[in-house]
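Coordinates in review
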Amino acid sequence: MSKSSSSSSAEDIWSKLQRQQQQTGGKDGSSASGTSAATAAGGGTDDENRTVNTHVVFLGDHSCGKSSLVQSFLKPSAAKETKPTIALDYNYARKTSNNTKYIAHMWELGGDLIEPKLLDIPITKSSLPTAAAIITCDASKPHNVVVSVLRAFSALKDVVSRRTAEIQSTNAQLLNDYRERLHAVYKSHADANRVRPLDIYTVIVLNKADTLRSLPVSERRCLWQLLRFIAHYFGATILTMSAQDGQLRETYRALINSLCFAAPMKPLNETAPSGEGALAITRGSDSFEAILQQNLEAQQPSHRLANGASDVDLYLTHKGVSRDCWNRLTQKAAEVFGEAEPLPSYALGDGHGGEDFETGNDGAGSHGPGDNPFPETDVDDMRSARDAQLQRFVQEQERRQEMIAKMR
């Protein structure tokens, strides 16, 4: 999609949002009920043709099962072997319901977030109101889960912050209304001052959950705590998934169906407090108190995030999380499951954020373009070639999206 067509599309969508808001009163959010990104945002609808475009982005570590998750939704009965995703992959699905045509654009970012800037392609100013992000992590490697999820949130926050800044500069009121609808579940929540939900509907999928059966219950309970804490803070829905479990597959498909086609879905509230069973929690229905203080007897003391109310201050303040909260979470994961595997040198840095939740390292070794403190001709030439290849890929994807738009 060209820049000019992207800008026009963005103006059209936000103008339609404004029209819908004026027609419905706009402030009570009654036209944006439900759990899907499309209904939570309240936008993305073509009033004349009754067409809704939704956007679902899958991201996560290499070989965590993102391609399998996409195909299990698009072709649930097909036995298809997936191949590693390079850069960015695209699929789409269509469905007509109640005289409305839904087109779901499904994107998959290649593993290890080697090029997080590729998120700029599916998450645009115009697509954000009806977008959702699926952070996929690999349960067969529990030592990597916490670092992987935090890295994905860091990349998401970066691109979403830039998109909301663009919208803020053109129509601050519409952005405020979008946020109010998206985050309505936290308005009267006990942790409203502590959580920081992203401005995009987000889901954490713990894939290959069947591999956790070999873990002691106390360790599983610890993993549940860690993921629930992160999901609650960033306003994400969370669920476990296994291709070997029919019930988990159905729950996953129902959730993706709601995100793509605004299908109704009952709230999920399976917290698995004992460490047994599946984990499935709809955003806004958990709490830090339940995560940190309930059912402690199911865990060994060394596997608990907190051993009592006095330890809660190690992670939380009255207005957010403590300064070293994320370090404590990653350290706890390392103590219980072992150290996370190092990322390839070409992948995203090892930052795991905090209140600012910045991408990459601590900045001590950061340098601007052209300010390379350790020049290596061969490496620099390879990097330049790679950047040029990426730019061509981005341009090709934009042209592809423009062609798809013209074919509708």
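Here is a short report on the structure shown in this document. All residue numbers refer to position in the chain's written sequence, counted from 1. It should be noted that, the model being predicted, local features are given only for residues of pLDDT at least 70 and side-chain atom pairs only at 80 or more, the latter also being counted only at that level, while totals for whole chains, interfaces and linings use all residues. With hydrogens and water set aside, each side-chain value is computed from the structure's full complement of heavy atoms.

Details of the overall build of the protein chain
- Each helix is a run of H or I in the DSSP string that is no shorter than four residues. Each strand is a run of E no shorter than two, and both are numbered from the N terminus. Check the secondary structure of the protein chain and you find 10 helices and 11 strands.
- Remark: exposure states derive from per-residue accessible area (1.4 Å probe, protein chains only) relative to the maximum for the residue type, with buried under 20%, exposed over 50%, and partly exposed in between. Across the 408 residues that make up the protein chain, the buried fraction comes to 50%.
- The criterion used for residue contact is that any of the two residues' heavy atoms lie within 4.5 Å. Of the contacts formed within the protein chain by residues at least 6 apart in sequence, a portion of 75% connects residues at least 24 apart.
- Counting only carbon and sulfur atoms, one obtains 47% of the accessible surface of the protein chain, whose full area is about 19,700 Å². Here, Shrake-Rupley sampling with a 1.4 Å probe gives the accessible areas, and only protein chains in the shown set may cover a residue.

What to know about the packing of aromatic side chains
- Only Phe, Tyr and Trp rings are paired, with Trp represented by its six-membered ring, and only when their centres lie within 6.5 Å; those with planes under 30 degrees apart are stacked, over 60 edge-to-face, the remainder tilted. Enumeration over the complete set of coordinates arrives at 11 aromatic pairs.
- Every member of this aromatic cluster is reached through a ring pair, and the members are Phe153, Phe229, Tyr233, Phe234, Phe288, Tyr315 and Trp326.

Examining the nonpolar core
- Counting residues in each nonpolar core, the largest one holds 96 residues, and the members touching the most others are Phe229 and Trp326.
- With 11 residues, the single largest contributor to this core is helix α4 (residues 142-170).
- Discounting residues that sit within four places of it in the chain, Phe229 has contacts with Phe288, Ile291, Leu292, Tyr315, Leu316, Val321, Cys325, Trp326 and Leu329. As used in this record, nonpolar core signifies buried Ala, Val, Leu, Ile, Met, Phe, Trp, Tyr and Cys residues forming a set joined through side-chain atoms within 4.5 Å.

Description of the side chain of Thr240
- Among the secondary structure elements, Thr240 is positioned in strand β7 (residues 236-240).
- You can call Thr240 buried: its relative accessible area is 3%.
- With sequence-adjacent residues up to four places away left out, Thr240 is seen in contact with Leu206, Ala209, Trp224, Leu248, Ala278 and Leu279.

Regarding the environment of Gln331
- For Gln331, the location among the structural elements is in helix α9 (residues 325-337).
- Residue classification places Gln331 among the partly exposed positions, given a relative accessible area of 48%.
- Separated by 185 residues in sequence, Gln331 and Val146 place their C-alpha atoms 9.7 Å apart.

Looking at the pattern of salt bridges
- Any Lys or Arg side-chain nitrogen located within 4 Å of an Asp or Glu carboxyl oxygen qualifies as a salt bridge. Under the counting rule described, the total for this entry stands at 10 salt bridges.
- With a closest N to O distance of 3.0 Å, Asp199 and Arg179 form a salt bridge. Here Arg179 lies in helix α5 (residues 172-182) and Asp199 lies in the loop between α5 and β6 (201-207), a separation of 20 residues in the sequence.
- Through salt bridges with shared partners, a single ionic network connects Asp120, Asp158, Arg162, Arg163 and Glu166.

Some remarks on α9
- Its 13 residues place the ends of α9 18 Å apart at the C-alpha level, agreeing with the 18 Å of an ideal helix rising 1.5 Å per residue.
- On its buried side, α9 packs onto α4, α6 (217-233) and β11 (320-321). What a helix should span is 1.5 Å times the count of its residues minus one.

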